[in-house]
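Coordinate inspection notes
What follows is each chain in one-letter form.
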Amino acid sequence: GQNIDQPTEMTATEGAIVQINCTYQTSGFNGLFWYQQHAGEAPTFLSYNVLDGLEEKGRFSSFLSRSKGYSYLLLKELQMKDSASYLCAVRGKAAGNKLTFGGGTRVLVKP
Amino acid sequence: DGGITQSPKYLFRKEGQNVTLSCEQNLNHDAMYWYRQDPGQGLRLIYYSQIVNDFQKGDIAEGYSVSREKKESFPLTVTSAQKNPTAFYLCASSGGTQDTQYFGPGTRLTVL
């Protein structure tokens, strides 16, 4: 089985940086995804990590350490529109490309 | 314009009635998924299908049924056996080199 933990809520100031951590336990690992979900809307894909290291995409970066079962999503130069929930999801090695989602981290950006 | 559509956006049903939620994709993806999301929680997998005419139960399949007669379509029926059906239902399909899952806009079901 898989178990994923991430903080429930974080608050940050516009223009600042916020780091959202995700720890996971899995019997087989085949990739980690981060999604952004605004209230009442569907999740949208942000990033994918399958090898150790940092993936950078504009203001968003995601890091993975497979040996530690750890990932983080880094949001830089925060904007008010970044207020949303951020979901960490792990893909196992079993057939079906199934994802197991964490509970999500709600980020509130204040002016 | 490629994407995933779900209809309707909001759905109200009386307790004891079956209801079918539609999901259509024109991304030419083989795999499709149904998730349920309850307030303040993550997504839980209901059913998934890797190919036409085949589907498997996810973590919370009880009280739900699906069909996959066409590649583009993966409807979900919420039956009267589902004890707590009020939730936000999300359909996804996956493809591309990373086999990323992409989501439809969701259907918010309220059972009165």
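Above: the structure in question.
Report on the accompanying structure.

Analysis parameters
- Residues numbered from 1 in each chain as written.
- Chains lettered and ligands numbered in written order.
- Predicted model: local features only at pLDDT ≥ 70, side-chain atom pairs only at ≥ 80, totals over all residues.
- Heavy atoms only, no water.
- Helix = DSSP H or I, 4+ residues; strand = E, 2+ residues; numbered from the N terminus.
- Rg over C-alpha atoms; globule rule 2.2 N^0.38 Å.
- Buried < 20%, exposed > 50% of the residue type's maximum accessible area, 1.4 Å probe, protein only.
- Areas by Shrake-Rupley, 256 points an atom, 1.4 Å probe, with all protein chains shown as cover.
- Lys, Arg positive; Asp, Glu negative; His and termini not counted.
- Charge placed at Lys NZ, Arg CZ, Asp CG, Glu CD.
- Contact = heavy atoms within 4.5 Å.
- Buried area = accessible area lost by both parts, 1.4 Å probe.
- Salt bridge = Lys/Arg side-chain N within 4 Å of Asp/Glu carboxyl O.
- Polar contact = N/O pair within 3.5 Å; in protein donor to acceptor, adjacent residues only side chain to side chain.
- Nonpolar A, V, L, I, M, F, W, Y, C, P; charged D, E, K, R; others polar.
- Pairing = 2+ DSSP bridges.
- Axes fitted to C-alpha atoms, helices over the stretch in contact; angles between N-to-C directions.
- Phe/Tyr/Trp six-rings, centres within 6.5 Å; stacked < 30°, edge-to-face > 60°.

**Let's talk about the overall build of chain A**
Looking only at helices and strands, chain A features zero helices and 11 strands. When the helices and strands of chain A are placed in sequence order, the string is β-β-β-β-β-β-β-β-β-β-β. Computed over the C-alpha atoms, the radius of gyration of chain A is 14 Å, within 12% of the 13 Å expected from 2.2 N^0.38 for a compact globule of 111 residues. Dimensions along the principal axes, computed over C-alpha positions, put chain A at roughly 45 × 30 × 20 Å. Taking all 111 residues of chain A together, 48% fall into the buried category. For chain A, the exposed area adds up to about 5,300 Å²; of that, 49% sits on carbon and sulfur atoms. Where the 11 positive side-chain charges of chain A centre and where its 9 negative ones centre are 7 Å apart.

**Describing the interface of chain B and chain A**
Each partner contributes to the interface: chain B provides 22 residues, whereas chain A provides 19 residues. Of all residues in chain B, B:Leu43, B:Gln98 and B:Phe103 bury the most surface against chain A, accounting for 28% of the area lost on that side. Counting every contact that joins chain B to chain A gives zero salt bridges. Across the chain B-chain A interface, the total number found is four residue pairs in polar contact (both at pLDDT 80 or more). When its residues are assigned to classes, the side of chain B that touches chain A shows 10 nonpolar, 10 polar and two charged.

**Focus on the sheet that holds strand β7 (residues 64–66) of chain B**
Residues and elements named next belong to chain B. Across the sheet, which stays open at both edges, the four strands sit in the order β1-β3-β8-β7 with antiparallel pairing between neighbours. Bordering the open sheet on either side are β1 (4–7) and β7, each of which pairs with just one other strand. Ignoring strand direction, the axes of neighbouring strands in this sheet form an average angle of 20°. One ladder, built from four bridges, connects β1 with strand β3 (residues 19–25); its direction is antiparallel. Bridge pairing links Gln6 to Cys23 in β3.

**Concerning the sheet that holds strand β8 (residues 70–75) of chain A**
All names here are of chain A. Spatial strand order, β1-β3-β8-β7-β6: five strands in an open sheet with antiparallel pairing. Two strands in the sheet have a free side with no partner beyond their single neighbour: β1 (2–5) and β6 (53–57). Across the sheet, the mean angle separating the axes of adjacent strands is 15° when strand polarity is ignored. Bridge count between β1 and strand β3 (residues 18–26): four bridges; the pairing is antiparallel. Of the residues in β3, the one forming a bridge with Asn3 is Gln25.

**Comments concerning the packing of aromatic side chains**
Evaluated as defined, the whole model comprises 18 aromatic pairs over all chains. Arranged with centres 5.2 Å apart and planes meeting at 15°, the rings of A:Tyr24 and A:Phe29 form a pair that is stacked. The buried category is assigned to A:Tyr24, whose relative accessible area is 8%. Take A:Phe29: its relative accessible area is 16%, and that puts it in the buried class. Considering the side-chain rings of A:Phe101 and B:Phe103, the 6.3 Å spacing of their centres and the 70° angle between planes classify their relative orientation as edge-to-face. Taken together, the residues A:Phe101 in strand β10 (residues 99–101) and B:Phe103 in strand β10 (residues 100–103) connect one chain to another. As far as the burial class goes, A:Phe101 and B:Phe103 line up, both buried.

**Topic: unusual backbone geometry**
Residues and elements named next belong to chain B. Following Ser7, the chain continues into Pro8 via a peptide bond in cis, with omega recorded as -10°. Mapped onto the secondary structure, Pro8 falls in the loop between β1 and β2 (10–13). In this structure, Asn53 takes a positive phi of about 65° despite not being glycine. Note on placement: Asn53 falls in the loop between β5 (43–51) and β6 (54–57).

**Here's the deal with the pattern of salt bridges**
Tallied over the full model, the rule gives seven salt bridges over all chains. With its nearest N and O atoms 2.9 Å apart, the salt bridge here joins A:Asp52 to A:Arg66. Remark: A:Arg66 occurs in the loop between β7 (60–65) and β8 and A:Asp52 occurs in the loop between β5 (44–49) and β6; sequence separation between them is 14 residues. A:Asp52 gets classed as partly exposed once you look at its relative accessible area, which sits at 44%. For A:Arg66, a relative accessible area of 41% puts it in the partly exposed group. When the shortest N-O distance is used, the salt bridge between B:Arg44 and B:Asp38 registers 2.8 Å. For B:Arg44, a relative accessible area of 34% translates into the label partly exposed. The exposure class assigned to B:Asp38 is buried, which follows from its relative accessible area of 11%. Among the ionic contacts, a cluster of salt bridges with common partners joins B:Arg36, B:Asp38 and B:Arg44.

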